[in-house]
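# A look at the structure
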Amino acid sequence: MDRVSAFDEPLKKLLGGATAKVMAEHLDLHTVGDLLHHYPRRYEERGKLTALADLPLDEHVTVVAQVADARIMMFNNGRGKRLEVTLTDGSGRLQLVFFGHGVHKPHKELLPGRRAMFAGKVSVFNRKMQLAHPTYQLLDATDADEATEAVDAFAGRLLPIYPACKQLDSWRIAKAVDTVLPSAREAVDPLPSSLREGRGFTPLPEALLKIHRPQTKADIADARDRLKWDEAFVLQVALARRRYADTQLPAVARIPAHGGPLDTFDAKLPFTLTEGQEKVSKEIFDDLATEHPMHRLLQGEVGSGKTLVALRAMLAVVDAGGQAAMLAPTEVLAQQHHRSITEMMGELAEGGMLGGSDLGTKVVLLTGSMGMAARRQALLDLVTGEAGIVIGTHALIEDKVQFHDLGLVVVDEQHRFGVEQRDALRSKGKQPPHLLVMTATPIPRTVAMTVFGDLETSVLDQLPAGRSPIASHVVPAKDKPHFLTRAWERVREEVENGHQAYVVCPRIGDDADDETEKKKGKKQPPEDDGDKRPPLAVLEIAEQLTKGALAGLRIAVLHGRMNPDDKDDVMRRFAAGQVDVLVATTVIEVGVNVPNATAMVIMDADRFGVSQLHQLRGRVGRGSAAGLCLLVSEAHEASPARARLSAVAATLDGFELSRIDLEQRREGDVLGQAQSGVRSSLRMLTVIDDEEVIAAAREEAVAVVVADPELTHLPELRTALDALLDKEREEYLDKG
């Protein structure tokens, strides 16, 4: 068997069809390599394993203990039968219970004095801890040799506990691993030998043996260090190759002229740029001045002035004779950007118009719902170069849209855009345009290195002068209904003081919405099991407020299924102060800028994620008056949902919140899109805890790629990359 095929061997061949089927369907394990990379979650020492006194309630546990007694009990006038078994381990006692037809086998096997390993979920019955219908494996055997072997296997050793599922217990997985473990010796080592020796790493085959069957705790530490490095390094090599390939592409250098539109714009700014804006702008201008496409991620706190930085970059490109396109995720946001950029530019946005500046250019809007005539004119302005700046939704990507000379693409809120869409827009330049990706969701440094590893990162973490603090509070509507009454009084007070408010709901509440709910089977978040009601809806809450708590105020609704003209009309009226309270879905989450809006009430706040709540909250406190954000929730005080809300209420630091968010959700969601381009998601590495490993792996990866971009002298590393990225996924990462 050659070295690669040992790992590619289907599990079916070695483990049999039934086990292989469960592994494929429930654990996504298909080959020998997959199973060898299915690492134990933790290890139990026999002494620790048997402490019945410390069992956690409602958790799946694995215990080793001795049967103290077993008895059959009858109930239902003799029609029902149950087997009760009492276990002991010296630290405590535990009851097992088996019902119905399930009593026969354990009744024969679980005799007093026998030792076994049991797994199940701990519950309480009659104030006693119990395991109902646990699975078990006997540890003593009738044959003396077998008994010694079983004791050897479980007595002195560290017992691996694998991520398991209902259909397959940890020890069955352990048995399957024993079957495939000899193949670990065939593992292809991806690390260059100089790197491996330089850092003193265990060879890969040895690391796999140690992680699955450690003799000591030092074995586990050795193996973990090595396997974490592999994951970080191979992924960083893939990303470093992306970045290297980008530096080989040609691009037009865009250097602004002295005394051009950018200088004119800067001279008219009514305030000075923050230090952060100056620094980030310099990084961007340095990139724009090179003959390779810029690929930069600009992440900034809500309200840190990202749009201004992006506009200055666009003006620099216009200054140098090119065009800039800004891609926004929704029509509401595209219109909002168009409005605020036109206002910021003043006469510079009126190129070719009466009263416009000689240095000006046209700023056009392009969205799917525009009228035919306006659309035709916008397309004409783009192809002739009359329009230096275009702002639009994915309508910009359509084949019909042609540019005169596209020099810069700015993507707002990148996580809302498909990779293919971004790529399609980039292909509209004569040469690849420069790319600036903006996100208002702060991302911890290591996540940025892993998820957006093909982009250089700039961070804006200062808020401009004049931004007001936002006070945030959790309103426990179920436990303390008078708090909710007070919340509506606070909204009324804000309006009476000349300000405006948002009320945000998770759902729209129209027919289409209800249909979707039905199709989804009204699935609630797991922590809401006790409360089966659907999330609160915009249309219902707006009606209740109009008739009740906020009667007499001017209330309007805004949601994604409204006609685009109606949406724009509502936003204009709200911005003009003709609406007191805007009841909306999360369409207002990004980019909406109404400085006079000072209060926000988020209904069913526990139905939103941490970063989404932070985004929403950033819509208030944008002017000189302080902001107020009230997080209304019916979640139980001790629930994880309430813990999340308390975290949001406790800090305005988006980077701190993104860290909390990531710790709660772990990597799955965060790496979502980047990892969908990667066959083996991170199994050993946790991007939040392994910052040093990721940073060091990135450095080594860059050095390796610079020295040998094609990895010609590192065939093993190429093999590992091929296992991580197939062709289609590599293209995905390439575009992403």
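Please refer to the structure placed before this passage.
Below or above, wherever it landed, is the structure these notes cover. (Residues numbered from 1 in each chain as written. Predicted model: local features only at pLDDT ≥ 70, side-chain atom pairs only at ≥ 80, totals over all residues. Heavy atoms only, no water.)

## Considering the sheet that holds strand β14 (residues 434-439)
With parallel pairing, the seven strands of this open sheet are ordered in space as β11-β12-β10-β13-β14-β9-β15. Where the open sheet ends on each side, the last strands, each with one partner, are β11 (362-366) and β15 (456-460). Averaged over all pairs of adjacent strands, the angle between their axes in this sheet comes to 20°, without regard to strand direction. In the sheet, strand β10 (residues 323-327) pairs with strand β13 (residues 406-412) via five bridges, with the strands oriented parallel. Paired with M326 across the bridge in β13 is V410. The sheet contacts of helix α14 (residues 306-319) involve β9 (295-300), β10, β12 (387-392), β13, β14 and β15, and relative to β13 the element is tilted by about 170°. (Pairing = 2+ DSSP bridges. Helix = DSSP H or I, 4+ residues; strand = E, 2+ residues; numbered from the N terminus. Axes fitted to C-alpha atoms, helices over the stretch in contact; angles between N-to-C directions. Contact = heavy atoms within 4.5 Å.)

## Looking at the sheet that holds strand β17 (residues 500-504)
With parallel pairing, six strands are arranged side by side in an open sheet as β16-β21-β20-β17-β19-β18. Only two strands of the sheet have a single partner each, and these edge strands are β16 (470-476) and β18 (555-558). Averaged over all pairs of adjacent strands, the angle between strand axes in this sheet comes to 20°, irrespective of strand direction. Where β17 meets strand β19 (residues 581-584), four bridges bridge the pair, whose relative direction is parallel. Across the sheet, residue V503 finds its bridge partner in β19, namely V583. On top of the sheet, helix α22 (residues 564-575) reaches β17, β18, β19 and β20 (597-602); it is set at about 140° to β18, its chief contact.

## Notes on helix α21 (residues 538-547)
Among all positions of α21, only V538, I541, A542 and L545 are buried. Take α21 and look down its axis: the buried residues cluster within an arc of 100°, on one side only. Facing away from the buried side of α21 by more than 90 degrees, the exposed set consists of Q544 and K547. Buried residues belonging to α21 abut α19 (481-496), β17, β18 and β19. (Buried < 20%, exposed > 50% of the residue type's maximum accessible area, 1.4 Å probe, protein only. Arc of directions from axis to C-beta.)

## Re the pairing of strand β21 (residues 627-633)
Counting buried residues along β21, seven of its seven residues qualify, which places the element largely inside the surrounding structure. Side chains G627, C629, L631 and S633 project from β21 onto one buried face, and the interleaved L628, L630 and V632 project onto a second face that is buried too. Here β16 runs beside β21; their pairing, made up of seven bridges, is parallel. Within β21, the position partnered with S472 by the bridge is C629.

## Here we look at the packing of α14 against helix α15 (residues 331-345)
Two packed helices can be described by the angle between their axes and the distance between those axes. It is the contact of α14 with α15, at a shortest axis distance of 11 Å, that shows an interaxial angle of 65°. Overall, the two elements α14 and α15 adopt an arrangement that is roughly perpendicular. As α14 packs across α15, the resulting crossing turns out to be right-handed. On the side of α14, the interface is formed by T307, L308, L311, M314 and L315, while α15 contributes H337, I341, M344 and M345. Tallied by class, residues from the contact of α14 with α15 come to seven nonpolar, two polar and no charged. (Parallel < 35°, antiparallel > 145°, perpendicular 65-115°, else oblique. Left-handed = near helix turned anticlockwise from the far one by under 90°. Nonpolar A, V, L, I, M, F, W, Y, C, P; charged D, E, K, R; others polar.)

## Describing a nonpolar patch on the surface
A cluster of nonpolar side chains, L57, V124 and M129, forms an exposed patch at the surface whose accessible area comes to about 250 Å². Judged by its relative accessible area of 32%, M129 falls in the partly exposed class. (Patch = residues over 30% accessible without salt bridge, like charges linked within 9 Å, V, L, I, M, F, W, Y side chains within 5 Å. Areas by Shrake-Rupley, 256 points an atom, 1.4 Å probe, with all protein chains shown as cover. Salt bridge = Lys/Arg side-chain N within 4 Å of Asp/Glu carboxyl O.)

## Focus on the pattern of salt bridges
According to the stated counting rule, one finds 35 salt bridges in the structure shown. When the shortest N-O distance is used, the salt bridge between K210 and D219 registers 3.9 Å. The class of D219 is buried, set by a relative accessible area of 14%. Salt bridges here are not isolated pairs; linked through shared partners, they connect R486, E489, R490, E493 and E494.

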